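Observations on chain architecture
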Amino acid sequence: MPEPKRKTELRQGAGGRAAHDVGGLDFGPIDRTEHDLALWEKRVDAMLILLTGPKKGAFKIDAMRRVIEDYGQQQYDSTTYYEKWIRAIRNLLVEQEILTKEEIEAKIAAVEEAMRASGRELQGGSVPWDDVGGRM
Amino acid sequence: MSAPAPRFRIGDVVRVDSRMALGHCRTPFFLRGKTGVIVGIQGAFHDPEKLAYHKPGLPRQVLYKVRFKQSDLWPNYRGKPHDHLEADIYEHWLMRISAEARSDSHAA
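Residues numbered from 1 in each chain as written. Chains lettered and ligands numbered in written order. Predicted model: local features only at pLDDT ≥ 70, side-chain atom pairs only at ≥ 80, totals over all residues. Heavy atoms only, no water.

1. Overview of the packing of helix α1 (residues 39–52) of chain A against helix α4 (residues 81–95) of chain A
Residues and elements named next belong to chain A. Where α1 meets α4, the axes come as close as 10 Å, and the angle between the chain directions of the two elements is 40 degrees. In this view, α1 runs oblique relative to α4, as classed from their interaxial angle. As α1 packs across α4, the resulting crossing turns out to be left-handed. On α4, the residues touching W40, E41, V44, D45, M47, L48 and L51 of α1 are Y82, E83, W85, I86, I89 and L93. Broken down by class, the residue content of the contact of α1 with α4 amounts to 10 nonpolar, no polar and 3 charged. (Axes fitted to C-alpha atoms, helices over the stretch in contact; angles between N-to-C directions. Helix = DSSP H or I, 4+ residues; strand = E, 2+ residues; numbered from the N terminus. Parallel < 35°, antiparallel > 145°, perpendicular 65-115°, else oblique. Left-handed = near helix turned anticlockwise from the far one by under 90°. Contact = heavy atoms within 4.5 Å. Nonpolar A, V, L, I, M, F, W, Y, C, P; charged D, E, K, R; others polar.)

2. Examining the sheet that holds strand β5 (residues 94–96) of chain B
Whenever strands of a sheet pair, they do so through backbone hydrogen bonds, lying parallel or antiparallel. All names here are of chain B. Read from one edge to the other, the open sheet built from 5 strands follows the order β4-β3-β2-β1-β5, with strand pairing classed as antiparallel. Among the strands making up the open sheet, the edge pair consists of β4 (84–90) and β5. The sheet shows a mean angle of 40 degrees between the axes of neighbouring strands, taken without regard to direction. For strand β2 (residues 35–45) and strand β3 (residues 61–69), the ladder comprises 7 bridges, and the chain directions are antiparallel. Within the sheet, the bridge partner assigned to I41 lies in β3 and is Y64. (Pairing = 2+ DSSP bridges.)

3. Some remarks on the interface of chain B and chain A
One frequently used descriptor of interface size is the decrease in accessible area upon assembly of the parts. The partner chain A presents 20 residues to the 17 residues of chain B that form the contact. Here chain B and chain A share an interface that buries about 1400 Å² over both sides, 58% of which is from carbon and sulfur atoms. When the buried area of chain B at its contact with chain A is split by residue, F29, Y53 and H54 of chain B rank highest and sum to 42% of it. Two residues, R32 of chain B and D21 of chain A, come together in a salt bridge whose shortest N-O distance is 3.9 Å. Connecting chain B to chain A are 5 residue pairs in polar contact (both at pLDDT 80 or more). Partitioned by chemical class, the residues of the side of chain B that touches chain A number 10 nonpolar, 4 polar and 3 charged. (Buried area = accessible area lost by both parts, 1.4 Å probe. Salt bridge = Lys/Arg side-chain N within 4 Å of Asp/Glu carboxyl O. Polar contact = N/O pair within 3.5 Å; in protein donor to acceptor, adjacent residues only side chain to side chain.)

What follows is the structure, given as structure tokens:
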């Protein structure tokens, strides 16, 4: 899998802005390469639509923006678009007490075990929980 | 529920607050502290800064289309003098300033 192009420049002169808020900073040209979405990315998209829809109403899209915008620069720059989404969704499900960390970890462990048993390759690693937690 | 009455009218000269924001807000950093003119009233919407914390988002905030001169936004801007940028800014981020100060430069 090719390493995606990521913005890793230090935010020179950022003046305390959040990591996502880069308007006017110098990042050079935008990478406009198109790419197909992976199945998991489509599933993340669908999951967000279902969770924020009127039927479930688990949280508003603004809450997901808040979680993503609270990421530090290192985390913001080292994750892809849908990685940001799924991590924020996971954290909000815990924050809203829809699932517990333990339930999510147990499900991930079960999926990993099933994949190993079927000889499929596991990609990626565990994602830390350090930014979970509601405030206000 | 009736919509809140807009505090500003089209043509008013406003400055974007330069406060720091925690959590989620929709006022881009590069526009904070900048002066522009109201060119549209987009309606009243639930406050995204409160929705971000699972609150009802009330009172609703009037959203304005604000026009800025590019040369006011970027040091050493080299484009045409009348180039401008428009952005949607919520009312609680805007302050009215004296219209005379900038009355010459924002004609649509």
